[in-house]
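# Notes for the structure review
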Amino acid sequence: LPEETRARLADIRASKQREYFIKTFQWNKALAGLTATLLESSESSNTEHRQTIRHVLERAGYPDLNPYDIIKKDDPPLQLITMPSRIDSYVSRKLTSVDVVTHHTAIFHFETSDPKRNTPHPRGRARMAEPITWHVTMLGEVGGNNEGPLPWVER
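Residues numbered from 1 in each chain as written. Predicted model: local features only at pLDDT ≥ 70, side-chain atom pairs only at ≥ 80, totals over all residues. Heavy atoms only, no water.

## Considering the environment of T82
As a reminder, the rule being used: Here a helix means four or more residues in a row that DSSP labels H or I, a strand means two or more in a row labelled E, and each is numbered from the N terminus. Contacts between residues were defined by any pair of non-hydrogen atoms, one from each residue, lying within 4.5 Å.
Tracing the backbone shows T82 in the loop between α3 (43-59) and β1 (94-100). The spatial distance from the C-alpha of T82 to the C-alpha of W152 is 9.5 Å, given a sequence separation of 70 residues. Not counting residues within four places of it along the chain, the set of residues in contact with T82 comprises Y62 and P151.

This is the structure we're talking about:
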């Protein structure tokens, strides 16, 4: 394939991956690719990338942050050093206990005060509820990292 076609296909793949990360609320991973392409992109797509970065930053809890501020890896802005008070589509949970199962496995027990998040199964209609397997993404506050410009890792 010609080099121009390869570059265009790589941009499309990166765009699809970004859309997936945004759809699954993985803000740090979504921003990781955007900041690199912002510097390399043309002026027309540059505006689109900047708007996407602003949208992701707003949902990640940093509405006042300038997209160009997060590109500088050496000196992150003060807002990125601390975790925001609210992150869109995330609920704050408190670790209550840890059960060690094996050397590499543990079960973590969390509590939350959010009434919509206290039960993993539906209730009502005079039927016995059947538990549903459910998963959450945990954010670990680690500061600067290679996963993206935000001060956490997503697992």
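## Comments concerning unusual backbone geometry
In plain terms, the rule: Categorising residues by exposure relies on relative accessible area from a 1.4 Å probe, with only protein chains included: less than 20% of the type maximum marks a residue as buried, more than 50% marks it as exposed, and the intermediate range marks it as partly exposed.
At F25, a residue that is not glycine, the phi angle is positive and equals roughly 60 degrees. Among the structural elements, F25 can be located in the loop between α1 (3-23) and α2 (27-40). Exposure remark for F25: the relative accessible area of 29% places this residue in the partly exposed category.

## Brief notes about the pairing of β1
Threshold: In short, DSSP must find at least two bridges between two strands for them to pair.
Inspection of the sheet shows β1 paired to strand β2 (residues 106-111) by six bridges, in the antiparallel sense. Bridging from a neighbouring strand, K94 pairs with E111 of β2. The turn joining β1 and β2, which pair antiparallel and follow one another in sequence, is formed by five residues.

## Quick word on the packing of aromatic side chains
Describing an aromatic ring pair means giving the distance of the ring centres and the angle of the ring planes. Definition in use: Any Phe, Tyr or Trp ring, taking Trp's six-membered ring, that has another such ring centre within 6.5 Å forms a pair; planes under 30 degrees apart are called stacked, those over 60 apart edge-to-face, and the others tilted.
Tallied over the full model, the rule gives three aromatic pairs. Both rings, one in Y20 and one in F21, keep their centres 5.9 Å apart while their planes meet at 55 degrees; by these two values the pair is tilted. Residue Y20 is classed as partly exposed on the basis of its relative accessible area of 46%. For F21, a relative accessible area of 14% corresponds to the buried category.

## Describing a nonpolar patch on the surface
Worth spelling out the cut-off: Patch membership needs two things, relative accessible area over 30% and no salt bridge, and members are linked within 9 Å if like-charged or within 5 Å if nonpolar (Val, Leu, Ile, Met, Phe, Trp, Tyr). Each accessible area value is a Shrake-Rupley result obtained with a 1.4 Å probe; residue values ignore everything except the protein chains displayed when judging cover. For this document, the term salt bridge refers to a Lys or Arg side-chain nitrogen within 4 Å of an Asp or Glu carboxyl oxygen.
A surface patch of nonpolar side chains, amounting to about 550 Å² of accessible area, comprises L95, V98, V100, F108, F110 and M138. Elements with a contribution of two residues or more to the nonpolar patch: β1 and β2. The biggest single contributor to the nonpolar patch is β1, with three residues. Structurally, F108 is set in strand β2.

## A closer look at the side chain of N28
For clarity, the cut-off: Any pair of N or O atoms that falls within 3.5 Å is considered a polar contact. Within protein, one atom must be able to donate a hydrogen and the other to accept it, and sequence-neighbouring residues count only if both atoms are side-chain atoms.
Checked against the element boundaries, N28 lands in helix α2. Exposure remark for N28: the relative accessible area of 0% places this residue in the buried category. Here the side chain of N28 touches L150 through a polar contact of 2.8 Å, landing on its backbone nitrogen. Those residues in contact with N28 that lie beyond four places of it in its chain are N145, E147, G148, P149, L150, W152 and E154.

## Focus on the confidence of the model for the protein
The line we're drawing: Per residue, pLDDT measures the predictor's confidence, with a range of 0 to 100.
In the predicted model, the protein carries a mean pLDDT of 76, and the fraction of residues at 70 or more is 70%. Looking across the protein, the model is least confident in α2, with a mean pLDDT of 74, and most confident in β1, with 89.

## Some points on the environment of L139
Summarising the element assignment, L139 is placed in strand β3 (residues 139-141). According to the relative accessible area criterion, L139 is partly exposed, its value standing at 24%. In this structure the C-alpha to C-alpha distance between L139 and N28, which are 111 residues apart in sequence, comes to 9.9 Å. Here L139 is in contact with M83, I87, Y90, W152, V153 and E154, once residues within four sequence places are set aside.

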